[in-house]
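Architecture and fold: a report
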Amino acid sequence: MAETLLEAKKLNNFIDGNWVATNETSDVINPANGETIVHVPLSDGGAVDTAVEAAKKAQKEWAKVPAPQRAEVLLEVGNMMKERKERLAQLLTMENGKVLEEARGEVQEGIDMAFYMAGEGRRLFGHTTPAELPNKFSMSQRCPVGVVGIITPWNFPIAIATWKSFPAIVAGNAVIWKPATETPIMAHELAKIFEEAGLPKGVLNVVYGKGSAVGDKMVHHDDIRVISFTGSNDTGRNIASECGKQLKKVSLEMGGKNAVIVMDDADLDLAAEGIIWSAYGTSGQRCTAASRVIVHEDVKERLEERLLAEIEKLTIGDGLNETNKVGPIINKAGLEKIQKYIQIGKEEGAKLVAGGYVLEDGDFAKGHYFAPTLFTDATPDMRIAQEEIFGPVLSLIPVKSFEEAIEVNNGVSYGLSSSIFTTDANRVFQAQRDLDTGIVYVNAGTTGAEIHLPFGGTKGTGNGHRDSGVQALDVFTEWKAVYIDYSGKLQRAQIDTE
Ligand code: UN1
C-alpha cells in the first residue's frame, strides 16, 4: 500500500524549490504493524543555513506580492488538498496510526485552514484611528516578520503545520519547517502541493531532522525571527529560554491535562459518549484529549457503568481497517511512558477498572497497542491526575459540588481544554467564565477545536500565543504604526495639542 501511494522510498528536504537528498536517514515505521514505510532525511545544521539563505531572498520578493495574490496560492493549495484528501488521509494513517476517519478529519482541518487563511489575504486588518493633531492621519498595519521557523509534532502532522505555515505565508513571510521525524510524509505531500500550486521557490522550505540538530540550529539562527513550536513541555521551555536570550519571538503549545466535568444534572449517556470520544479517540494522543473526568459523586457510579460498557465496545487495531475505532500508540517510547503511568496510578491507590495493559496477542505484537484504560477513585493530587500521559488513560475523580469541580479542573499546571456536561444554564455561564483554559466546551468532550478560533491555552500549556484563528497572524506579523502629517508644518505630539 505504501509503495502505491508514495512515489519515493526515500524522502528529500525541500529547499529553494529543490528536492535535496541527505547522506543520513532514519526509518519511518508504521506504528500499526512495524513495517518501514519510507526513509526520512536526518539533516545537519548546514541544511538550515542553506534554507535560510534561500528563504531570505525569496521573502523579499514574496512580501511585495499583494496579499490577495499570495492568498490565491493558498486557495489552490486548499483545492488540491481537497482533491487528494483520501490519499493524504491514508498516508497519514500509515505514518501516524490514527484511524482513517480521524485522518480524514485532520486533512479536512488543513483544507479549512487553507480556505480561511486565503480569505485573510483580503483582510489582514489593521486600524485607522484619529490622530490627536489636525491634518494628520494615523493607522496601524500588519507587516511580515521575514523568515520564520515552525516545528511541528507527530500527532497532527498536517493540521498543525497548516495552522502555522498558512498564516505565515499569507502574511508575506518565508518559512523553514522542521516536521517530526516520525511523520514526515505529510510534510512531503504538503510541500509538493505548494510546489504544484505555484508558490515561488524558497518561500516554503522543509528541513527534516532531529531537534538536537535542525531544531537547535533554527532556534539559534539569527535570521529566523520567529519560532512557532508545538510539542513537549521540556523542549518548549528550552526553546523559550534560548529564544528569550536572542529577543526572538516564540509561540509555544505544549499540551494539557484536560478534564470533563460531569454534574449531577447532566445527560449521562451524552456525557459518556463525549468522554469516550475525547479520551480514547486518537488513542488519547491529542493535546486536547480528556484524561480526567471530574464527576459529581451522586452520578459517579452510573457514569462509570456507562463508560465501562462503552470501553467494551471499542475496537482496536490498524486504522486502515475502518471497523477499528482506536489505533496504535506512535512508538515504543510512547507505550513505555503509558505503562509507567499505569504503575504510578496503581501505587498511588487509584482503582484500575479497565485496561491497563499492552496488547500483545497475534497481530497486535507487530505494532504498539495499549488497551483503553480507566482508573476510578482518583484524587486530584495524584500524578495520574496531574501529568500528561498522552495515551488512552482516563481517571475518574469524584467531587461533591460544582465549586469543587471547577477548583479541581483548574488545579493543574496546564490550561488547554476543559468541558462541562450540565443542563443548568446558570452553571453553563459560570463554568465558561471560571474554567481556566484556552478552550471550553459545554455538553461536548474536550476535543474538536475549529480552525477559525484561537487554539492554545493558559499556564504551562503555552506562553500566551495562539495557533489558528485570526490570532495566529499575531505570531507571524509585526505591527507598524504609521503617522502621516499633511499640515505642512511641524506638529509636536503631546505638546502642540492645546
Ligand atoms: C492537538 O491535539 O495538538 O481540537 C491538536 C482538536 C483538534 C486539534 C488537536 N482539532 O482536538
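Nothing here was measured: the structure is a model prediction, and the numbers come from that model.

1. Here we look at the pattern of salt bridges
When the charged atoms of two side chains with opposite charge come close together, those side chains can pair. For the coordinates displayed, the defined rule picks out 27 salt bridges. Across the pair glutamate 53 and lysine 56 runs a salt bridge, and its minimum N-O distance is 3.8 Å. Remark: lysine 56 and glutamate 53 occur in helix α2 (residues 45–64); sequence separation between them is three residues, near one turn of the helix. For arginine 427, the salt bridge is made with aspartate 264, and the minimal N-O distance between the two is 3.4 Å. One end of the pair, arginine 427, is in helix α14 (residues 425–434); the other, aspartate 264, is in the loop between β12 (258–262) and α10 (268–280), and 163 residues separate them in sequence. When salt bridges with common partners are traced through the structure, they connect Glu53, Lys56 and Asp223 into a single cluster.

2. Overview of the sheet that holds strand β20 (residues 417–421)
Sheet architecture is open: seven strands sit in the order β14-β17-β18-β13-β12-β20-β21, paired in mixed fashion. One side of each edge strand has no neighbouring strand; the edge strands of this open sheet are β14 (351–354) and β21 (439–442). For this sheet, the mean inter-axis angle between neighbouring strands, taken without regard to orientation, is 20 degrees. Inspection of the sheet shows strand β17 (residues 373–376) paired to strand β18 (residues 393–399) by three bridges, in the parallel sense. In the strand pairing of β18, leucine 374 is matched with leucine 394.

3. A few points about the domain arrangement of the protein
Domain annotation of the protein identifies domain 1 (2–254 + 462–481) and domain 2 (258–442). On a C-alpha basis, the centroid separation for the pair domain 1 and domain 2 is 31 Å. Taken together, the contact between domain 1 and domain 2 spans 24 residues of the former and 27 residues of the latter. For the pair domain 1 and domain 2, the two sides together bury roughly 2,000 Å², of which 59% comes from carbon and sulfur. Along the contact surface separating domain 1 from domain 2 lie one salt bridge. Across the pair arginine 104 and glutamate 322 runs a salt bridge, and its minimum N-O distance is 3.2 Å. Where domain 1 packs against domain 2, one counts seven residue pairs in polar contact (both at pLDDT 80 or more). Secondary structure elements with two or more residues in the side of domain 1 that touches domain 2: α4 (85–96) and α5 (100–120). Ranked by residues supplied to the side of domain 1 that touches domain 2, first place goes to α4 with five residues. In terms of residue class, the side of domain 1 that touches domain 2 is built from eight nonpolar, eight polar and eight charged.

4. Details of the packing of helix α3 (residues 67–83) against helix α7 (residues 185–197)
In the contact formed by α3 and α7, the axes pass within 9 Å of each other and the chain directions differ by 125 degrees. If you check the angle between α3 and α7, you find them oblique. The hand of the α3/α7 crossing is right-handed. Counted together, Val73, Leu74, Glu76, Val77, Met80 and Met81 of α3 and Leu190, Ile193, Phe194, Glu196 and Ala197 of α7 form the full contact between these two elements.

5. Structural notes on the site of the ligand
All residues in the neighbourhood of the ligand are listed as Glu109, Asn155, Phe156, Ile160, Trp163, Arg286, Cys287, Thr288, Thr447, Gly448, Ala449 and Phe455. A distance of 3.0 Å separates a nitrogen atom of the ligand from a polar atom in the side chain of glutamate 109. Taking alanine 449, its main chain carries an N or O atom lying 2.7 Å from an oxygen atom of the ligand. Within the complex, the protein chains bury 99% of what would otherwise be the 320 Å² of accessible surface of the ligand. When the residues that make up the shell around the ligand are grouped by side-chain class, the tally is six nonpolar, four polar and two charged. The two domains that each donate at least three residues to the shell around the ligand are domain 1 (2–254 + 462–481) and domain 2 (258–442).

6. Quick look at the pairing of β20
Most of β20 is tucked away: five of the five residues are buried. Residues Ser417, Ser419 and Phe421 point to one face of β20 and Ser418 and Ile420 to the other, with burial holding for every one of them. Across four bridges, β12 lies against β20 in parallel orientation. Looking at β20, one finds that alanine 259 is bridged to serine 418. With four bridges joining them, β20 and β21 adopt parallel strand pairing. In the sheet register, serine 418 faces β21, and the bridge partner there is valine 440. The handedness of the β20 to β21 crossover, carried by α14, is right-handed.

7. Details of the sheet that holds strand β6 (residues 136–144)
Taking strand neighbours across the sheet as the criterion, the three strands line up as β5-β6-β23 in an open arrangement whose pairing is antiparallel. With partners counted over all chains shown, the strands left at the sheet margins are β5 (127–130) and β23 (477–485), one partner each. Mean inter-strand twist for the sheet, computed between neighbouring axes without regard to direction, equals 20 degrees. Strand direction decides the pairing type here: β5 and β6, joined by four bridges, are antiparallel. The partner of threonine 128 across the bridge, within β6, is methionine 139.

So, how was this worked out
- Residues numbered from 1 in each chain as written.
- Predicted model: local features only at pLDDT ≥ 70, side-chain atom pairs only at ≥ 80, totals over all residues.
- Heavy atoms only, no water.
- Salt bridge = Lys/Arg side-chain N within 4 Å of Asp/Glu carboxyl O.
- Helix = DSSP H or I, 4+ residues; strand = E, 2+ residues; numbered from the N terminus.
- Pairing = 2+ DSSP bridges.
- Axes fitted to C-alpha atoms, helices over the stretch in contact; angles between N-to-C directions.
- Domains from an automatic or database assignment.
- Contact = heavy atoms within 4.5 Å.
- Buried area = accessible area lost by both parts, 1.4 Å probe.
- Polar contact = N/O pair within 3.5 Å; in protein donor to acceptor, adjacent residues only side chain to side chain.
- Nonpolar A, V, L, I, M, F, W, Y, C, P; charged D, E, K, R; others polar.
- Parallel < 35°, antiparallel > 145°, perpendicular 65-115°, else oblique.
- Left-handed = near helix turned anticlockwise from the far one by under 90°.
- Near = heavy atom within 4 Å.
- Areas by Shrake-Rupley, 256 points an atom, 1.4 Å probe, with all protein chains shown as cover.
- Buried < 20%, exposed > 50% of the residue type's maximum accessible area, 1.4 Å probe, protein only.
- Right-handed = clockwise from strand over helix to strand, strands pointing away.

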